[in-house]
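# Structural characterization, general
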Amino acid sequence: MSAMLEARGIAKAFPGVRALDGVNLQVDRGEVHALLGENGAGKSTLLKILSGAQQPDAGEILLNGGSLDVAQTPLERQQAGIVTIYQEFNLLPDISVAENMYVGREPVRYGLIDWSTLHRQAAGILSILGLQIDPRAAVRTLTVGEQQMVEIARAMTFEARLIIMDEPTAALSSREVDTLHRIVRELRGRGVSIIYVTHRLNEVSTLCDRFTVLRDGRYIADGRVCEHSTDDLIRLMVGRNVDLLRHRRHRPPSDEALRVEGVSSDPGKRARTTSLKDICMRVQSGEILGLAGLMGAGRTDFARILFGADSCTAGTLWLSRDRIHMPRSPAEAIHHGITLLPEHRKRDGCFLDQSIRQNMTLPSLKQLTRWKLFVSDRRAVQFVEKYRRALGIAMSSDLTPIGHLSGGNQQKVLLARCLALAPKVLILDEPTRGIDVGAKAEVHELIRQTADSGVALIVISSELLELLAISDRIGVFREGQLVAEVDGETATEQRVMSLMAMGAAA
Amino acid sequence: MEALTNAVKPRRSASALVQRYGTGLVLLLLAIVFTSQNSRFLSFRNLGYILTDVSICGIVAVGMTFVIISAGVDLAVGSALGFAAMGAAWVIKLSGFNLHPAWFFALVTAVGLGAMAGYAHGKITTVLKVPPFITTLGGLSAWRGATLLINHGGPIHDLDTGYRWWGNGSVLGIPVPVMIFSIVASVGWVIQRYTRYGRHIYAVGGNVEAARLSGLNVKALTSSVYVIVGTLAGLAGFLLSARLGSAEATAGTGYELRVIASVVIGGASLSGGTGGVGGTIVGALLIGVLSNGLVMMGVNSYYQEIVIGLIIVLAVALDSFAKRRG
């Protein structure tokens, strides 16, 4: 078989990070090629370079034997036949399926859109893919899985020769996954090549022909899937030294801080949420419970339900052995001593245009009032100063808008906001996402200090190394269930990874 | 623990100064220009006139500041003002002008009706999840219709002297409406600056999801600002009818534009989270000074409307320019 795509010696550096270092990738005509690696291995950067969203510092890309200009834009790449389907879809929700497939390239007659041709062409492609989707339906009315299929149908309109799929099954139900796999095989049969990024290793063995593994921005190995066991693949993906990061804490057993039983939820058609099934969990005061899982496994959904930000269909909660109602609002959760640091710092955490003082003190203003009415500026300044020192926040004035701070400092301000509420249970969702290495280590230290002060912590992270470094215990989520709990001391990357990707049976 | 890098120092650049004090400077400049054209502009009598004129709109604008900071808008203030004023006068008329003191019953009725209108807007916005623009656009029409209905479109005259004192009297040489405006503005400023409630309104307008996740009762906070602006529209309606000596069915028509303009010229963003009563007062004064000054210069009133329109756009353009530079 001949190569459809060849990337040689791709290198890319960002300030302070070498994201890719001499990476090679060869994808044959009509094959499904798995691109494997942990979070931070460099997969996303490589995809962005292939799709034209970023330019490499060095290396060359050949499509069908011909060299591609590395400075091409994403649009030029699409026209050349490389189409990327991202995790966050690029569909316009309020317009029809057919228009989305041909947006910017609608068939025109006498200067007006030729609707009948548009719908006929769109219906033709949908039927090739065997999809029962009405081309006239608004994209908003489709399920997440159907939207994904529309993205693929749109790729077909470009006569794509290579389709890049970035974790396409992360948000799909198992029936939708079957449909996706059928379509991927259909495309392969038509000679289309597919780069398939997934963390679900069972998909690799059932769907993919060959694989390439990246680790720490480097090419590690490639080969035929049928010649390698899943354990082989995991061994190739992991292999960094965890012990360097581990700071074992000596923690005497303590009282139960939180216990939940039978937490279930049904998000209905809400996009990008997972239905939880019967989650049972307990955390002790002073304990750090890490939650591992793939995207869409339900960790964030669980955290938000525990905090009252989303609703659940069933579940019982005990705090310090007192049975209480599952919180119906964040205000109620905070009242009970449960606090959440949300996953998306800028979207759900910060008031970007407002001052550090306002951001940090907001939920604790009661503590700062005189005669229970007027917020004292003096007390607010002291409050901010106390946490600035304790958390090592770099800032010039407490009136600076939080948006002017670096990611790490923003996160510390939000952490201070949580800590000031004196929580009994603190949930941190991706506490170090998007912050630099130095700040990361500081946040880890703060997490340990907080636990030492007797707070029960639940930490969600997509970086396994981080979880292994800080957790006393690790709970593994998979498809809306808590499938296993492992001891933080003895857990290995390989063990947790295989639980995440394959469930308790593995 | 080592401090991290990347802290940004606040810069005192020219554009930052423009952003902060620009509207005040424009106000000062206008006052100088008008005084040079007509020395009577700066007379005690004229200033009193300008301030009284500004006060009635200004009272509503203080409430509107809360609404706009919360990322909402209220287009119905003019109609709610007219409705409250007419309702109050109607109560007096219904009693055969026998309620004493008449102004007291009128004040309570006007404020109560205004608050009720605001409560309706708030509930419709938060419970039925209708965007405030639409809710209050409906209110703009509905309350005006209700006002016309009360007295079949006619005015209610013959408000007694005690009533009219509220619009035309003075205390220590300061016109009563100006006095009330000062009190309302001061209380509004203190609430925004120094109470939890005020800080919470900024949070809701800055990022509603982050506010909810910080444990704020976003729905109650959102509803409350419409009650505030409605109450103040009721108060302003009472003062306007006292000033005119009659309740007119068309009173308050077009006030929404002038009130929103005051708040926006004062530096608030319609996307919420920024602004303040201080800026709003300057904005209201700017519009008041401009229309008064243009009249004194003998400018055709049609041109006035054009100039005020241009000033609104210019003020916001200047602000967004300064923000980009700063």
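Residues numbered from 1 in each chain as written. Chains lettered and ligands numbered in written order. Predicted model: local features only at pLDDT ≥ 70, side-chain atom pairs only at ≥ 80, totals over all residues.

## Concerning the overall build of chain B
Scanning chain B from N- to C-terminus turns up 13 helices and 2 strands. For a compact globule of 326 residues, the expected C-alpha radius of gyration is about 20 Å, and chain B comes in at 21 Å, within 12% of that figure. The 326 residues of chain B split such that 50% are buried. In chain B, 79% of the contacts between residues at least 6 apart in sequence involve partners at least 24 apart. (Helix = DSSP H or I, 4+ residues; strand = E, 2+ residues; numbered from the N terminus. Rg over C-alpha atoms; globule rule 2.2 N^0.38 Å. Buried ≥ 20, exposed ≤ 12 C-beta atoms within 10 Å, placed from the backbone. Contact = placed C-beta atoms within 7 Å.)

## Notes on the overall build of chain A
For chain A, the count of helices and strands is 17 helices and 24 strands. Dimensions of chain A along its principal axes, counting C-alpha atoms only, are 75 × 55 × 45 Å. The contacts of chain A with a sequence gap of at least 6 include a subset with a gap of at least 24, amounting to 68%.

## A short note on the interface of chain A and chain B
Taken residue by residue, the interface counts 35 residues in chain A and 28 residues in chain B. Listing elements by their share of the side of chain A that touches chain B, those giving two or more residues are α10 (330-336), α11 (345-349), β20 (374-375), α14 (407-419) and α15 (437-452) of chain A. Counted by class, the side of chain A that touches chain B contains 18 nonpolar, 12 polar and 5 charged residues. (Nonpolar A, V, L, I, M, F, W, Y, C, P; charged D, E, K, R; others polar.)

## Some details on the pairing of strand β10 (residues 193-197) of chain A
Residues and elements named next belong to chain A. Taking burial as the measure, the 5 residues of β10 include 5 buried ones, the bulk of the element. Covered by surrounding structure in β10 are Ser193, Ile195 and Val197 together with Ile194 and Tyr196, the residues of both alternating faces. The pairing of strand β3 (residues 32-36) with β10 spans 4 bridges and is parallel. Opposite Ala34, over in β10, you have Tyr196 as the bridge partner. Looking at chain direction, strand β9 (residues 162-166) and β10 are connected through 5 bridges and run parallel. Paired with Ile164 across the two strands is Ile195, which belongs to β10. (Pairing = 2+ DSSP bridges.)

## Topic: the nonpolar core
Ile163(A), Leu457(A), Val60(B), Leu81(B), Ala85(B) and Val229(B) are the most contacted members of the largest nonpolar core, which totals 235 residues. Contact partners of Leu81(B), with chain neighbours within four places excluded, come to Val60(B), Ala233(B), Ala236(B), Gly237(B), Leu240(B), Ala251(B), Gly252(B) and Tyr255(B). (Core = buried A, V, L, I, M, F, W, Y, C linked by C-beta atoms within 7 Å.)

## Things to note about the domain arrangement of chain A
All names here are of chain A. For chain A, the domain assignment lists domain 1 (3-237), domain 2 (247-337 + 424-506) and domain 3 (354-422). Taken over C-alpha atoms, the centre of domain 2 sits 26 Å from the centre of domain 3. With 11 residues of domain 2 in contact, the opposing surface of domain 3 contributes 10 residues. With 5 residues, the single largest contributor to the side of domain 2 that touches domain 3 is α15. Residue classes in the side of domain 2 that touches domain 3 are distributed as 7 nonpolar, 2 polar and 2 charged. (Domains from an automatic or database assignment.)

## Details of the sheet that holds strand β17 (residues 322-324) of chain A
Backbone-to-backbone hydrogen bonds pair the strands of a sheet. The strands run either parallel or antiparallel. All names here are of chain A. Here we have 4 strands laid out as an open sheet, ordered β14-β13-β16-β17, and antiparallel in their pairing. The open sheet has two edge strands with one neighbour each: β14 (279-284) and β17. In this sheet, adjacent strand axes meet at a mean angle of 15° when their direction is disregarded. Where strand β13 (residues 256-264) meets strand β16 (residues 314-319), 5 bridges bridge the pair, whose relative direction is antiparallel. (Axes fitted to C-alpha atoms, helices over the stretch in contact; angles between N-to-C directions.)

## A look at unusual backbone geometry
All names here are of chain B. Even without being glycine, Lys129 reaches a positive phi, approximately 55°. With respect to the helices and strands, the residue Lys129 is situated in the loop between α4 (102-127) and α5 (132-150). Phi is positive for His152, close to 55°, though the residue is something other than glycine. If you trace the backbone, His152 turns up in the loop between α5 and α6 (161-168).

## Structural notes on the packing of helix α3 (residues 77-94) of chain B against α5(B)
When two helices pack together, you describe them by how their axes are tilted relative to each other and by the distance separating the axes. Residues and elements named next belong to chain B. In contact at an axis separation of 8 Å, α3 and α5 are set at 20° when each is read in the N-to-C sense. Compared by their axis directions, α3 and α5 come out roughly parallel. Crossing geometry of α3 relative to α5 is assigned as left-handed. Contacts between α3 and α5 pair Ser79, Ala80, Gly82, Phe83, Met86, Gly87 and Trp90 from the former with Gly139, Leu140, Trp143, Arg144, Ala146, Thr147 and Ile150 from the latter. (Parallel < 35°, antiparallel > 145°, perpendicular 65-115°, else oblique. Left-handed = near helix turned anticlockwise from the far one by under 90°.)

## Description of the pairing of β16(A)
Here β16(A) pairs with β17(A) via 3 bridges, running antiparallel. Within β17(A), the position partnered with Trp318(A) by the bridge is Arg323(A).

## Some points on the environment of Ala137(A)
Residues and elements named next belong to chain A. Relative to the helices and strands, Ala137 resides in the loop between α4 (115-128) and α5 (144-157). Taking the number of C-beta atoms within 10 Å as the measure of exposure, Ala137 has 14 and is therefore partly exposed. Along the sequence, Ala137 and Ile95 sit 42 residues apart, while their C-alpha atoms lie 7.9 Å from each other. Leaving out residues up to four positions away in the same chain, Ala137 has contacts with Ser96, Val97 and Leu142.

## Points about the sheet that holds strand β21 (residues 425-429) of chain A
Residues and elements named next belong to chain A. Strand order in the open sheet formed by 6 strands is β18-β21-β22-β15-β23-β24, and the pairing between neighbours is mixed. Two strands close off the open sheet at either side, each with one partner strand: β18 (338-341) and β24 (481-487). Strand-to-strand, the axes of this sheet are offset by a mean angle of 20°, without reference to chain direction. When β21 meets strand β22 (residues 456-460), the two strands line up parallel, connected through 5 bridges. Note that in β22 the partner of Asp429 across the bridge is Ile460. Sitting on the sheet, helix α17 (residues 493-502) is in contact with β15 (288-292), β23 (473-478) and β24, with an inclination near 25° to β23.

## Topic: the environment of Ile338(A)
Residue and element names in this part refer to chain A. Along the chain, Ile338 falls in strand β18. Judged by the 27 C-beta atoms lying within 10 Å of it, Ile338 is buried. Here the alpha-carbon distance between Ile338 and Leu258, two residues 80 residues apart in the chain, equals 9.4 Å. Ignoring sequence-local partners within four residues, the contact set of Ile338 consists of Leu306, Phe307, Pro327, Ala333, Pro423 and Val425.

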